[in-house]
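The lines below spell out each chain.
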Amino acid sequence: MQASLKLVLEPIFEADFHPCSSGFRPMRRAHDAIAETRTFATKGYHWVVEGDVQACFDSIDHTALMRRMRRRVGDKRVLALVKAFLKAGILTEDGADRDTRTGTPQGGILSPLLANIALSVLDEFFAETWARHSATYSARRGRRRRGLSNWRLVRYADDFLVLVFGTREHAEAIRDQVGAVLAPMGLRLSAEKTKITHIDEGLDFLRWRVQRHRKRGTTKRHIYTYPAKKALRAVTATVKALCCQDVNRSLAALIWQLNRVLRGWTAYFRAGVSNATFEYLRAYTWRRVIAWIRRKHRRISWKEPRRRYCPDDGWWPRHREAILFNPGAVCTTHYRYRGTAIPSPGRTRHEDLTAAHHGTCGKPDARKRARPVWEGGPGKRTDRKIDTAPRADPTRTSWRRPPGPGGTSPTRSSTSSPTPTGWRGRWWRRTTARRARRSRSTGRASAAVVVSYRKRRTPPGWSPTCWRGSPTRSASPNAWCSPSSSRARPPWPPARCPRQRSVPAGDPQGPR
């Protein structure tokens, strides 16, 4: 029931959520929050307020939460169902039923969404402040000249960072404002976990360490992200616990358990400067596995276990088809900051940019358009739902965007269309120039450029094209478009060309 309710509510509220939030949202992950932190710290936001909401899921005020939900949801049945989940109660360990006057149901599918709705008050505060005072570069520069500060918010569920372009006093003032914003929702900051640090001192966020260091061999200083010591201690403790279990089982069973842990841990931390950490984890895991083998075979020398478990005169453990995963062989990558490039279900690309740069909270009719993922554009349909993939529109004769106000839209009966733009235009110009050079060198006119990568039935009203000459009319409008010549060369890749089309050589109007 909670999963069904989440499918109904999530697209509605995703239209209002801001890009600064990355936790428990579709198409977003913890790496986006880390990349955003690294980007802002590189641009001068050096003072950081590390915020943590104390008992967030247990302290949300039900009245304030329902008040925020009524702004977007008008169906009283849905609101009553959400309230019933909030007031359901908790069954304690001793079998008693404890009432839940505050907080969201722990472990429920709907809890992360309700927490994001409650914490969005913090996102809206920073977005409105940014739009009012720091929306443009000149406004931010003017504030710095007057001795004022600029700040940005990075939030992942109840853990958030406020990066301040200013001094420590400015960061302390922002911390007090954050506490005042969260108070109406029944939330308060944790005094132990909320602190103010400088980027040179470093901070731990989402198990990552973000700190500015001097690059080796130079005097330049850069922002580095690598696994935190707490995360490394946690994975080494897991490896140690697995290797301290019963030695009566086979080495293959131990390797399968270790591989699951090591693969998941390295996959999360590979998007950073983690080579040294991976090498340390490799050495630690090897020592633990070898010690387990020595305990398993106490009465024989090391030569026999090495011959049995490290074949080919090697030192890396393996048993039958099970090979111990090597963390040191994992290649690290650079996770780029996506920012507003992350599509939000329920909002168009223009609304994402507006919400990121101007702090708007979506249009009033965003609820009506909460289902479609994309609007307009080449090959996209405005009535396509979230759970369906966009398909090509058979009525379009050009893959170019429709013209603006005052222009003429291409129709199916049109005989020419403008030259494609972007990467398709570059591909078209290169192909046209290459075929023109070939025709001049051979002294004959080049054949028509024909695109036919898929076998599609000709739509009604469309006449199939002749492979070597000009377009001709077919006897059957539903005949298969099957080319019979190998001399055709496509003007652009096949993914965007679902039907066969022809363009005579030297035609300046582009594809038809």
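Analysis parameters
- Residues numbered from 1 in each chain as written.
- Predicted model: local features only at pLDDT ≥ 70, side-chain atom pairs only at ≥ 80, totals over all residues.
- Heavy atoms only, no water.
- 1 Å grid on protein atoms, 1.4 Å probe; cavity = no way out; pocket = protein on both sides within 12 Å on 5 of 7 lines; lining within 4 Å.
- Points joined across faces, edges and corners; volume = space filled by probe spheres on them.
- Helix = DSSP H or I, 4+ residues; strand = E, 2+ residues; numbered from the N terminus.
- Nonpolar A, V, L, I, M, F, W, Y, C, P; charged D, E, K, R; others polar.
- Axes fitted to C-alpha atoms, helices over the stretch in contact; angles between N-to-C directions.
- Parallel < 35°, antiparallel > 145°, perpendicular 65-115°, else oblique.
- Left-handed = near helix turned anticlockwise from the far one by under 90°.
- Contact = heavy atoms within 4.5 Å.
- Pairing = 2+ DSSP bridges.
- pLDDT = per-residue confidence, 0-100.
- Buried < 20%, exposed > 50% of the residue type's maximum accessible area, 1.4 Å probe, protein only.
- Polar contact = N/O pair within 3.5 Å; in protein donor to acceptor, adjacent residues only side chain to side chain.
- Core = buried A, V, L, I, M, F, W, Y, C linked by side-chain atoms within 4.5 Å.
- Salt bridge = Lys/Arg side-chain N within 4 Å of Asp/Glu carboxyl O.

Its boundaries defined by the atoms lining it, the largest pocket holds a volume of some 750 Å³. Taken together, 27 residues form the lining of the largest pocket, with Asp 204, Phe 205, Leu 206, Arg 207 and Lys 230 sitting closest to its centre. When contributions to the lining of the largest pocket are tallied by element, the ones reaching two or more residues are β1 (47–52), β5 (159–165), β7 (203–205), β9 (221–227) and α9 (229–243). It is α9 that contributes the most residues to the lining of the largest pocket, 6 residues altogether. Grouping the amino acids of the lining of the largest pocket by side-chain chemistry returns 11 nonpolar, 3 polar and 13 charged.

Viewed as axis vectors pointing N to C, helix α1 (residues 2–14) and helix α5 (residues 76–86) meet at an angle of 130 degrees, and their least axial separation amounts to 12 Å. In terms of orientation, α1 and α5 fall into the oblique class. At the point where α1 passes α5, the crossing takes the left-handed sense. On α5, the residues touching Gln 2, Leu 5 and Leu 9 of α1 are Val 78, Leu 81, Val 82 and Phe 85.

Inspection of the secondary structure assignment puts Cys 244 in the loop between α9 and α10 (251–269). Between the alpha carbons of Cys 244 and Arg 288 there is a distance of 8.6 Å; along the sequence they are 44 residues apart.

All right, on to the sheet that holds β1 then. The strand order across the open sheet built from 4 strands is β4-β5-β1-β6, with neighbouring strands paired in antiparallel fashion. Either end of the sheet is taken by a strand with one partner, and the two such strands are β4 (150–156) and β6 (195–198). Put simply, the sheet's adjacent strands are angled 20 degrees from each other on average, direction ignored. When β4 meets β5, the two strands line up antiparallel, connected through 7 bridges.

Here we have 3 strands laid out as an open sheet, ordered β7-β8-β9, and antiparallel in their pairing. Edge positions in the sheet fall to β7 and β9, since each of these pairs with one other strand and no more. Each strand axis lies, on average, 30 degrees off the axis of its neighbour in the sheet, ignoring direction. Here 3 bridges tie β7 to strand β8 (residues 208–214), and the two strands are oriented antiparallel to one another. Note that in β8 the partner of Leu 203 across the bridge is Val 210.

With that out of the way, let us pick up the confidence of the model for the protein chain. Caution applies to low-pLDDT regions: their predicted coordinates should not be interpreted in detail. Predicted confidence across the protein chain gives a mean pLDDT of 76, with 71% of residues reaching 70 or more. Predicted confidence is poor over residues 358–417, with pLDDT under 50, and the contacts of this stretch with residues over four places away or in other chains come to 109 contacts. A low-confidence stretch, residues 444–512 stays under pLDDT 50, and its non-local contacts, those more than four residues away or across chains, total 142 contacts.

Further remarks concern the environment of Asp 61. Inspection of the secondary structure puts Asp 61 in the loop between α3 (56–59) and α4 (62–70). Assessed through its relative accessible area of 27%, Asp 61 is described here as partly exposed. In the structure, Asp 61 is positioned 124 residues away from Met 185 in sequence and 5.5 Å away in space, judged by C-alpha atoms. Among the polar contacts made by the side chain of Asp 61, one reaches the main-chain amide nitrogen of Thr 63 at a distance of 3.2 Å. Separated by 2.9 Å, the side chain of Asp 61 and the backbone nitrogen of Ala 64 make a polar contact.

This part takes up the nonpolar core. Counting 46 residues, the largest nonpolar core has Leu 163, Phe 205, Leu 251, Leu 258 and Trp 265 as the members making the most contacts within it. Within the residue set of this core, elements represented by two or more residues are α2 (30–42), β5, β7, β8, α9, α10 and α11 (275–296). No other element matches α10, which puts 9 residues into this core. Apart from residues lying up to four places away in sequence, Leu 258 is in contact with Val 239, Leu 242, Cys 243, Thr 285, Val 289 and Leu 324. By size, the runner-up hydrophobic cluster in this structure holds 44 residues, among which are Met 69, Val 121, Phe 160 and Leu 187.

Where charged atoms from two side chains of opposite charge approach closely, those side chains can pair. Inspection of the entire model under this criterion finds 13 salt bridges. The partner of Arg 77 in a salt bridge is Asp 75, and the shortest N-O contact between them spans 3.3 Å. For Arg 77, a relative accessible area of 67% gives the class exposed. For Asp 75, a relative accessible area of 26% corresponds to the partly exposed category.

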